[in-house]
Amino acid sequence: MVEIISFGSSSRGNAFLFRTSRTSVLVDAGFSPRYLRESLLRCGIADHQLAAILVTHEHADHIRGLAGLLRWQSCPVVATAGTLQALRLDAAHEVVLRPGDWIEIGELALRAIPVPHDANEPIGLHIVTDKASVAFFTDLGSLTLDVTATLQQVTFAIVEANHDRQLLDSGPYPLWLKRRIASRHGHLSNDDAAAAAGLCSSRLEALWLAHLSEENNRPDLARACVERGLAPDRLVPITPLPARGLYRWSPREVTTRE
Ligand SMILES: [Zn+2]
Ligand SMILES: [Zn+2]
């Protein structure tokens, strides 16, 4: 069994639970400690049952509740050396993740993939279990060869679709911020996400669109744009994730006739 649960994803907060029957790992902790704890309890994860909290980078929308949650979940925090340096946590809780290396946390195998986002050694992830191969890229900036190679292998993908380029250009943000968001070190637009979707493996079962901006995007625009990136014969469900609230995916059960 493997289940992936979004607790919410937007520019205001991100957190995801990856769980198998024996291993539960939280990826990012960008909501209040109370909301994170309640969401874990709703998923059947009691206090001190997480195997690890993995942090992709130190931006507030990914770590807001981290220090508070560690009171209820006394597990290691796993992140790159650069992210750990930026987090300044208690050293006893830290495990350094080296980009490119595979590590195992219980029943999950995962590899950190460097991404060109404007943080201190940020990563995306390739997470593999016996039932699923998952790409996780919530804050990306632009597509790299390593990201592309990962998308070509996976059965499930979580990919950033941060903004609609026209809404961003005509919206209220100051020019410097618009430039930062649209740069190669900022966030992926819906068009970029459509390009990423077009690269995904033919084995892809579903695609979640993550980190939608509440000012510069709309779920219907994001979905329609990314659908155009897929070949017409690809029937892949595309879900723009809600900014808050639990949303689940688990792989199709493959039944074989005896
Ligand atoms: Zn970020
Ligand atoms: Zn973010």
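Summary of the structure given here.

What to know about the sheet that holds strand β3 (residues 24-27)
Stage number 1. Spatial ordering of the open sheet is given by β6-β5-β4-β3-β2-β1-β14, a layout of seven strands whose pairing is mixed. Each edge of the open sheet carries a strand with a single partner, namely β6 (94-96) and β14 (247-249). The mean inter-strand angle of the sheet, taken between neighbouring strand axes irrespective of direction, is 25°.
Stage number 2. Strand direction decides the pairing type here: strand β2 (residues 13-20) and β3, joined by four bridges, are antiparallel. Counted as the bridge partner of L17 is L26 from β3.
Stage number 3. Contacting β1 (2-10), β2, β3 and β14, helix α1 (residues 33-42) runs over the sheet at an angle of about 155° to β1.

Considerations on the packing of helix α8 (residues 190-199) against helix α9 (residues 219-229)
Stage number 1. Direction vectors running N to C along α8 and α9 enclose 40°, while the axes themselves pass 7 Å from each other. As the angle between them shows, α8 and α9 are arranged oblique. Handedness of the crossing formed by α8 with α9: right-handed. Only L221, A222, C225, V226 and G229 of α9 make contact with α8, whose side of the interface consists of N190, D191, A193, A194, A197 and G198.
Stage number 2. Residues belonging to the contact of α8 with α9 are distributed by class as follows: seven nonpolar, three polar and one charged.

Things to note about the state of the cysteines
Stage number 1. This structure, assessed with the given rule, holds zero disulfides.
Stage number 2. Cysteine C43 remains unbridged, with the sulfur of C75 as its closest cysteine sulfur at 15 Å.
Stage number 3. Looking at C200, it has no disulfide partner, and the nearest cysteine sulfur is the one in C225, 14 Å off.
Stage number 4. Overall, C200 belongs to the buried group, its relative accessible area being 6%.

Rules behind the numbers
- Residues numbered from 1 in each chain as written.
- Chains lettered and ligands numbered in written order.
- Predicted model: local features only at pLDDT ≥ 70, side-chain atom pairs only at ≥ 80, totals over all residues.
- Heavy atoms only, no water.
- Pairing = 2+ DSSP bridges.
- Helix = DSSP H or I, 4+ residues; strand = E, 2+ residues; numbered from the N terminus.
- Axes fitted to C-alpha atoms, helices over the stretch in contact; angles between N-to-C directions.
- Contact = heavy atoms within 4.5 Å.
- Parallel < 35°, antiparallel > 145°, perpendicular 65-115°, else oblique.
- Left-handed = near helix turned anticlockwise from the far one by under 90°.
- Nonpolar A, V, L, I, M, F, W, Y, C, P; charged D, E, K, R; others polar.
- Disulfide = S-S within 2.5 Å.
- Buried < 20%, exposed > 50% of the residue type's maximum accessible area, 1.4 Å probe, protein only.

No statement about biological role is implied by the geometric values presented.
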